[in-house]
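In case you want the letters, here they are:
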Amino acid sequence: GDMFLGLLIDLGVDQQQLEAELSKLGLSGFRLLVDREQRHGVEGCRVQVLCEEQSEHRHWSEIDQILEQSELSSGPKELARKMFRRLGEAEAKVHGIDIERVHFHEVGALDAIVDLAGAAIGLHLLAPEQIICAPLPLSRGLSQCAHGALPLPAPATLELLRGFPVCDSGIDKELVTPTGAAIAAEVSTFGPLTALRIEQIGYGVGGWQLEDRPNLLRGILGSTEMATL
């Protein structure tokens, strides 16, 4: 999720405009930290959603209400609600409960709200006609979370990507989070890159320094008009 925000800014979304739109959520206790960083010598934009510690959990229905009652314009608002519903439905399926009972733990809830709402806002500002995504790389091993040790890919990530093409990343670091999977599944067409004329290239930078690959989310913005010679 954070890497997707970095990618959007690197592709041309104005940071101040993104933050101004995020303020329309009516939520406090978070801020964006935006830097330029390199991974394996390639520079991109790293965004961190810094959240204050909070004591309460937020249920899916409460988050949906926050989005519905926000001052966001209708396009980003409805896209954010669709992405969060995908995430809620996946969590509900994994835990065997009704979506109304799904809750997100403390800081993770606020971080997910900002990531998904920010993605919806950024895509609205960038206004691509189509988003094509390559098969997503899934990881191995275990991850520690509020429920204890869970297998990678996270069960919710796997559920979100049901029906979509994936590949083995070969490493035990979580490369695709449930938040990132929710964004990709809601807005993308999965398949090979179509013929296009490249206009902009962006990189969203992840926090880890990986030994075998640059920890980057790359996006290409282009036009299909006059794409072939």
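Refer to the preceding data block for the structure.
Residues numbered from 1 in each chain as written. Predicted model: local features only at pLDDT ≥ 70, side-chain atom pairs only at ≥ 80, totals over all residues. Heavy atoms only, no water.

Some points on the overall build of the protein chain
Logical step 1: Within the protein chain one finds seven helices and twelve strands.
Logical step 2: Expected size for 229 residues packed as a compact globule is a radius of gyration near 17 Å; at 17 Å, the protein chain falls within 12% of this value.
Logical step 3: Relative to its 229 residues, the protein chain shows a buried fraction of 42%.
Logical step 4: Considering only intrachain contacts with a sequence separation of at least 6, the fraction spanning at least 24 residues in the protein chain is 71%.
Logical step 5: When the accessible area of the protein chain is evaluated, it comes to approximately 11900 Å², of which 48% is carbon and sulfur surface.
Logical step 6: Across the protein chain, the 19 positively charged side chains and the 33 negatively charged ones have centroids separated by 4 Å. (Helix = DSSP H or I, 4+ residues; strand = E, 2+ residues; numbered from the N terminus. Rg over C-alpha atoms; globule rule 2.2 N^0.38 Å. Buried < 20%, exposed > 50% of the residue type's maximum accessible area, 1.4 Å probe, protein only. Contact = heavy atoms within 4.5 Å. Areas by Shrake-Rupley, 256 points an atom, 1.4 Å probe, with all protein chains shown as cover. Lys, Arg positive; Asp, Glu negative; His and termini not counted. Charge placed at Lys NZ, Arg CZ, Asp CG, Glu CD.)

Let's talk about helix 3 (residues 60-69)
Because each turn of an α-helix spans 3.6 residues, side chains separated by three or four positions in sequence point in the same direction.
Logical step 1: Residues Trp 60, Ile 63, Asp 64, Ile 66 and Leu 67 constitute the buried set of helix 3. For helix 3, the angular spread of the buried residues around the axis is 155 degrees, confining them to a single face. (Arc of directions from axis to C-beta.)

Some thoughts on the packing of aromatic side chains
Logical step 1: Under the defined criterion, the tally for this structure stands at two aromatic pairs.
Logical step 2: Plain terms: the ring middles of Phe 84 and Phe 104 are 5.5 Å apart, the flat faces sit at 85 degrees to each other, and that makes the pair edge-to-face. Remark: Phe 104 occurs in strand 4 (residues 103-104) and Phe 84 occurs in helix 4 (residues 74-95); sequence separation between them is 20 residues.
Logical step 3: A relative accessible area of 8% places Phe 104 in the buried class.
Logical step 4: Measuring from centroid to centroid gives 4.9 Å for Phe 164 and Phe 190, while their planes differ by 35 degrees, and the two rings are tilted. Taken as a pair, Phe 164 in the loop between helix 6 (155-160) and strand 9 (166-168) and Phe 190 in strand 10 (residues 189-190) lie far apart in primary sequence, 26 residues in all.
Logical step 5: Given a relative accessible area of 15%, Phe 190 falls into the buried group.
Logical step 6: The side chain of Lys 173 reaches across the aromatic face of Trp 208, ending 4.8 Å from its centre. (Phe/Tyr/Trp six-rings, centres within 6.5 Å; stacked < 30°, edge-to-face > 60°. Lys NZ or Arg CZ within 6 Å of the ring centre and 35° of its normal.)

Structural notes on the nonpolar core
Logical step 1: By size, the foremost hydrophobic cluster in this structure holds 52 residues, and its most contacted members are Leu 22, Leu 25, Phe 84 and Phe 104.
Logical step 2: Sequence-distant contacts of Phe 84, that is, excluding residues within four places in its chain, are made with Trp 60, Ile 63, Leu 67, Phe 104, Ala 112, Ile 113 and Leu 116. (Core = buried A, V, L, I, M, F, W, Y, C linked by side-chain atoms within 4.5 Å.)

Some details on unusual backbone geometry
Logical step 1: Following Leu 152, the chain continues to Pro 153 via a peptide bond in cis, the omega torsion being -5 degrees.
Logical step 2: Relative to the elements of secondary structure, Pro 153 occurs in the loop between strand 8 (148-151) and helix 6.
Logical step 3: You will see that His 40, though not glycine, has its phi angle at about 55 degrees, which is positive.
Logical step 4: Checked against the element boundaries, His 40 lands in the loop between strand 1 (30-39) and strand 2 (42-51).
Logical step 5: Take His 40: its relative accessible area is 44%, and that puts it in the partly exposed class.
Logical step 6: The residue Ala 127 is not glycine, and still its phi comes out positive at about 55 degrees.
Logical step 7: Mapped onto the secondary structure, Ala 127 falls in the loop between helix 5 (106-126) and strand 5 (132-133).

In short, the description is geometric, and any link to function would need to be established separately.
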